[in-house]
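Residue strings, one per chain:
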Amino acid sequence: MSRKFHLGYFLTDSHAQAWATAWGGNVGKEWASPDLYVAAARELERACFDYVLIEDNVFVADAYGDSMDIYLRKGLSVPRRDPLMVAPYMLQATRHIGVVPTISTFAYHPYQLARLIGSLDQLSHGRAGWNVVTGSSERALQNFGHDGMDEHDARYDVADEFVEAANALWDSWDADAVVADRSSGVLIDPSKVRIPDYKGKHYATRGPLNSGPAPQGRPVMAQAGSSGRGRIFAARNADTIVVKAKTLDYARQYRQEIRELARSLGRDPDTIKLMLLIAPIIGATREEAELKRRKRDADDLAEAEATLAKVSKIVDIDFSRYPLDEPLKAEGLSTQGTRSVLTDFIARNAGRTLRQAGAIALAYNPDGTSLAGTAQDVAREMVEIMEHVGGDGFLVSGQTTRHFLAEVVDGLVPALQDLGAVRNRYAGGMLRDNLMEF
Ligand SMILES: Cc1cc2nc3c(=O)[nH]c(=O)nc-3n(C[C@H](O)[C@H](O)[C@H](O)COP(=O)(O)O)c2cc1C
């Protein structure tokens, strides 16, 4: 094993999503407590993860059947707490792990965002990040008083400006501006604070921030743009990119393209860490893992309609209008939502009925991988995958329960550590330092 790789955790959906599963505990009743978030952060820190990324969007969907019914009955991404409110609990309970809340750019002004994430970075000694999403649903926009949504690529133009403005604000303070010099009676050196006076087409902000410098300067930025325009945005701005790959070859090409794009934009490609999304199944024995895999497949088929509703939410297409047990007809389907999800969905499901397609629609593992077995089996496969992709690490996901966290933290990660594939202690830096450690 030549180079170590990084680990991130994807806290998906509503944190209460596992409420009705075997190890969901009482989270369905105790969802309002921060305990599961805090437990997750502590456990993942024990396994020396680089960061936890908290998924988010800001609406209750009604794309499926033109009704909120299935989303509410099944708790699909609801109840979902504001990740910026949850992040401080997680950071307060830990000392090394990074926390990366998802931010929908349209829901904030860059000044407000820069101040919030900058403050989080200060309060956590440099462990804050933000996962930048441009939003893909009109419903979310309506919650903020907007009538319609910009076209897909135009949303990235706006997001580019948003990031530029936020960076200008973070750059408005030198790191050593707060001198606290008792002898001269000076707290802040005025020569180290500037007015950026940023003026773009969509945003303007005078600055400087009144919250002072952030320990990381610019807090870590995560992104997951998979369209052509999204990749340019990510290559220009992101410190870490999360990718859901259909195949390992796709992941490999994606990484090469991002690295080339970064180079062409004047960035060192090694400053971008690409994390491949996976959902491992870990058993005490191979037989147990195989049983768990079969159970997961059966559950996914039983819940196919709910999963289809999630796809409807992401791509803004009402799949309830198509017969569940007939092959999916792709003609005429298009989206202003998340394009790559629709393209993938159509490509993967040729010849399958909509129900069968729904059952596997949000499967996170790339085709052709197993990622099921003992901790040692999965660890070995992860090493092989990294060797193929040439990549930087994994974004691990699953039903977030204390049981699943234990499988990862006490099973999978020690097996990876035995192979020398991941860190077994933090070097002690901030989130970006940890990402750049190898
Ligand atoms: C691992 C991962 C996490 C994501 N998290 C979110 C999220 O929390 N909220 C959201 O609205 N979109 C999320 N997305 C969607 C991306 O922001 C983006 O819209 C998607 O990758 C499609 O890219 P494109 O718009 O360039 O086609 C995520 C995507 C991936 C792969």
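Just so you know, these numbers come straight off a predicted model, no measurement behind them.

Let's shift gears to the sheet that holds strand S4 (residues 129-133). In space, the 8 strands of this closed barrel follow the order S1-S2-S3-S4-S9-S10-S11-S14, with parallel pairing throughout. On average, adjacent strands in this sheet sit at an angle of 25° to one another, irrespective of strand direction. Bridge count for strand S9 (residues 220-223) against strand S10 (residues 240-243) is 2 bridges, and the pairing is parallel. Bridged to glutamine 223 within S10 is isoleucine 241. Strands S10 and strand S11 (273-278) of the sheet are contacted by helix H8 (residues 248-264), whose axis makes an angle of about 160° with S11.

Now for the domain arrangement of the chain. Here the domain parsing of the chain yields domain 1 (6-170 + 197-281 + 365-436) and domain 2 (286-360). Between domain 1 and domain 2, the C-alpha centre-to-centre distance is 23 Å. At the junction of the two partners, domain 1 supplies 36 residues and domain 2 supplies 26 residues. Summing both sides of the interface, domain 1 and domain 2 together bury roughly 2,600 Å²; the carbon and sulfur share of this comes to 50%. Contact with domain 2 buries surface across domain 1, with Tyr64, Lys246 and Ile281 losing the most and accounting together for 26% of the total.

A separate point is the nonpolar core. One finds Phe5, Leu7, Phe49, Trp130, Phe319, Met382 and Phe394 to be the most contacted residues of the largest nonpolar core, which totals 107 residues. Formed jointly, this core draws a minimum of three residues from each of two domains, domain 1 (6-170 + 197-281 + 365-436) and domain 2 (286-360). Leave out the neighbours within four places in its chain, and methionine 382 touches Phe5, Leu7, Ile278, Leu371, Phe394, Leu412 and Leu416.

Before going further, it helps to spend a moment on the packing of aromatic side chains. Throughout the structure, instances matching the rule amount to 9 aromatic pairs. Taken together, a centroid distance of 5.3 Å and an interplanar angle of 75° make the contact between phenylalanine 5 and phenylalanine 394 edge-to-face. Taken together, the residues phenylalanine 5 in the segment before strand S1 (6-11) and phenylalanine 394 in strand S14 (residues 393-396) connect sequence positions 389 residues apart. The residues phenylalanine 5 and phenylalanine 394 share a single accessibility class, namely buried. Taking the centre distance of 5.5 Å and the plane angle of 45° together, the rings of tyrosine 156 and phenylalanine 233 count as tilted. Residue tyrosine 156 is located in helix H6 (residues 152-170), and its partner phenylalanine 233 is located in helix H7 (residues 228-237); the two are separated by 77 residues in the primary sequence. For the pair tyrosine 156 and phenylalanine 233, one class covers both residues: buried.

Relative to the assigned elements, glutamine 17 resides in the loop between S1 and helix H1 (35-46). Residues within four places of glutamine 17 in sequence aside, it is in contact with Lys74, Gly75, Leu76, Ser77 and Gln399.

A few words on the site of the ligand. Residues in close proximity to the ligand total 18 residues, the closest being Glu55, Asp56, Tyr156, Ala224 and Ser227. A distance of 3.3 Å separates an oxygen atom of the ligand from a polar side-chain atom of threonine 102. Residue serine 227 places a side-chain N or O atom 2.5 Å away from an oxygen atom belonging to the ligand. A total of 610 Å² of accessible area belongs to the ligand in isolation, and the protein chains cover 87% of it. Those elements giving two or more residues to the shell around the ligand turn out to be S4 and H6.

Conventions and cut-offs
- Residues numbered from 1 in each chain as written.
- Predicted model: local features only at pLDDT ≥ 70, side-chain atom pairs only at ≥ 80, totals over all residues.
- Heavy atoms only, no water.
- Pairing = 2+ DSSP bridges.
- Helix = DSSP H or I, 4+ residues; strand = E, 2+ residues; numbered from the N terminus.
- Axes fitted to C-alpha atoms, helices over the stretch in contact; angles between N-to-C directions.
- Contact = heavy atoms within 4.5 Å.
- Domains from an automatic or database assignment.
- Buried area = accessible area lost by both parts, 1.4 Å probe.
- Core = buried A, V, L, I, M, F, W, Y, C linked by side-chain atoms within 4.5 Å.
- Buried < 20%, exposed > 50% of the residue type's maximum accessible area, 1.4 Å probe, protein only.
- Phe/Tyr/Trp six-rings, centres within 6.5 Å; stacked < 30°, edge-to-face > 60°.
- Near = heavy atom within 4 Å.
- Polar contact = N/O pair within 3.5 Å; in protein donor to acceptor, adjacent residues only side chain to side chain.
- Areas by Shrake-Rupley, 256 points an atom, 1.4 Å probe, with all protein chains shown as cover.

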